[in-house]
Amino acid sequence: MQHTIAAVFERQNQAEQAIDDLVASGFSRDNVRLSQSLPESSGQSADEGSFGASIKSFFSDIFGSATHPDTELYSEAVRQGHYVLTLDMADDDLVERATEVLDRHDPIDIDDEANKWRAGGKLTGSGAQTMAQQSSMQGASGQQSSMQSAAAQSQSQSGATAIPVIQEALKVGKRAVERGGVRVFRRVVETPVRESVNLREENVTVERHAVDQPASAADLAAFQEGSFEVRETAEEAVVEKVARVVEEVVIGKEVTQREEQIQDTVRSTEVEVEQLSGSGQSIRSATQDDDLYFRQHWNTNYASAGGSYDDYAPAYRYGSALGERYGGRRWDEIEPDVRRGWESQYRGSAWKNFKDAVRHGWERITS
């Protein structure tokens, strides 16, 4: 099953860095598409002009229909000057990893932006999906289903809200690793030795003695010419080396089995439903009259401090967009959540400087 994940960036270099990060993480560059930006100042809508038509065709091809809510949503993001990055993948296991990579590059919160566009009348459709949602494309049939991330909720056109309950499972495997071993060297060494041996020698000695006696018959028999030899002998050492095996070194492996207990933590989603009592307050969308009202409020309260209305307009619009989410509640209850959302979306604008304008925008819509 094919999945498509989308992320919206304010600047082109953010989107290009996200693409490089995806490719470095193992995703194919052929599966990544990046829309061009259509600045709002150009005066061209997604239905007017060749560029606008190509943008709408771009998202119609992704979401399967020109009337799909997300087609209008992301076309409006391009009209606002943003860059939309989409990634196609066929493996369910890759969706979470792709979302983590894209989150590192600070994409805008498309839900908050959609609320502002809708409050300003720039977005009339009902589609507003977060960056982490994935649209499952089912080939030629053109049918689509949406998968939610752990932090997002999708709203169907019928008005029903589906909140997924997610639970992690611990999966333990094993792999072979090297833990050391032995290296055996074999070399020849020479050791001096000393042995003792007794050697025998024979030496010939010649002695002459003066004798004066009558010759005997034996002497007369030997009285003739002749010769004989007496040889000397001696022993010398003979060295011979004999090799013998005196030891064996046996190298082997001993295999043992052991059981190891793995301890870790797994996460799961718990959904609690709290019944809220109605306050009777009506909640409406911001109109052009509200913008004129906000300008008058700025002239009365902030113009003397310098600057321009454009500095405070995002705060008024941000507060107006809170009506659908926080209608029927007190300001002191919602202020911590509103502040976190503001500081996440407008990091360069101090909350203390704009919180009164945000509250005034919220009260204008909910009153």
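Here, the structure is the one placed above.
All of the points below concern the structure found in this document. (Residues numbered from 1 in each chain as written. Predicted model: local features only at pLDDT ≥ 70, side-chain atom pairs only at ≥ 80, totals over all residues. Heavy atoms only, no water.)

Observations concerning the overall build of the protein chain
Rules: The helix and strand labels rest on DSSP assignments: H or I over at least four residues marks a helix, E over at least two residues marks a strand, and numbering proceeds from the N terminus. Any residue under 20% of the maximum accessible area for its type is buried, any over 50% is exposed, and the rest in between are partly exposed; the area is computed with a 1.4 Å probe on protein chains only. Whether two residues are in contact is decided by their heavy atoms, any of which lying within 4.5 Å being enough. Surface accessibility follows the Shrake-Rupley procedure with a 1.4 Å probe radius. Residue values consider only the protein chains on display as shielding.
When you go through the protein chain residue by residue, the secondary structure sums to 11 helices and 7 strands. Each of the 367 residues in the protein chain was classed as buried or not, and the buried ones make up 31%. Sequence separation of 24 or more characterises 70% of the internal contacts of the protein chain that already satisfy a separation of 6 or more. Of the accessible surface of the protein chain, which amounts to about 27300 Å², a share of 46% is contributed by carbon and sulfur atoms.

Concerning the side chain of Glu113
Within the secondary structure, Glu113 is located in helix H5 (residues 110-119). Residues contacting Glu113, with those up to four places away along its chain left out, are His82, Ile108 and Gln345.

Here's the deal with unusual backbone geometry
Here the phi dihedral of Asp106 falls at roughly 55°; this positive angle occurs in a residue that is not glycine. By the secondary structure assignment, Asp106 is in the loop between helix H4 (93-103) and H5. Judged by relative accessible area, which is 35%, Asp106 ranks as partly exposed.

Some details on a nonpolar patch on the surface
Rule in force here: To count toward a patch, a residue needs a relative accessible area over 30% and no salt bridge; like charges are then connected within 9 Å, while nonpolar side chains (Val, Leu, Ile, Met, Phe, Trp, Tyr) are connected within 5 Å. By definition here, a salt bridge exists when the distance from a side-chain nitrogen of Lys or Arg to a carboxyl oxygen of Asp or Glu is within 4 Å.
Residues Leu170, Val172, Ile262 and Val266 make up a contiguous nonpolar surface patch of about 350 Å² in total accessible area. Tracing the sequence through the fold places Ile262 in the loop between helix H6 (217-221) and helix H7 (288-301). Under the relative-accessibility criterion, Ile262 is labelled partly exposed at 45%.

Notes on H4
Because an α-helix completes one turn every 3.6 residues, residues spaced three or four positions apart along the sequence face the same direction. Here is the rule we go by: To be clear, the arc concerns the directions from the helix axis to the C-beta atoms.
Within H4, burial applies to Val95, Ala98, Thr99, Val101 and Leu102. Angularly, the buried residues of H4 cover 160° about the axis, an arc narrow enough to put them on a single face.

A look at the pairing of strand S1 (residues 2-9)
We apply this condition: Two strands make a pair as long as DSSP finds a minimum of two bridges between them.
For S1, the buried fraction is high: 7 of the 8 residues fall into the buried class. Where S1 lies against strand S3 (residues 83-89), 7 bridges are found, and the strand directions are antiparallel. The residue of S3 that forms the bridge with Ala7 is Leu85.

What about the pattern of salt bridges?
The tally for this structure, following the rule as stated, stands at 18 salt bridges. The partner of Asp88 in a salt bridge is Arg33, with the nearest N and O atoms 3.2 Å apart. One end of the pair, Asp88, is in strand S3; the other, Arg33, is in strand S2 (residues 32-34), with 55 residues separating them in the sequence. Since its relative accessible area comes to 16%, Asp88 is described here as buried.

Topic: the environment of Arg340
Along the polypeptide, Arg340 turns up in helix H10 (residues 331-345). Note on Arg340: relative accessible area 52%, which makes it exposed. For the pair formed by Arg340 and Trp351, sequence separation is 11 residues and the distance between their alpha carbons is 9.2 Å.

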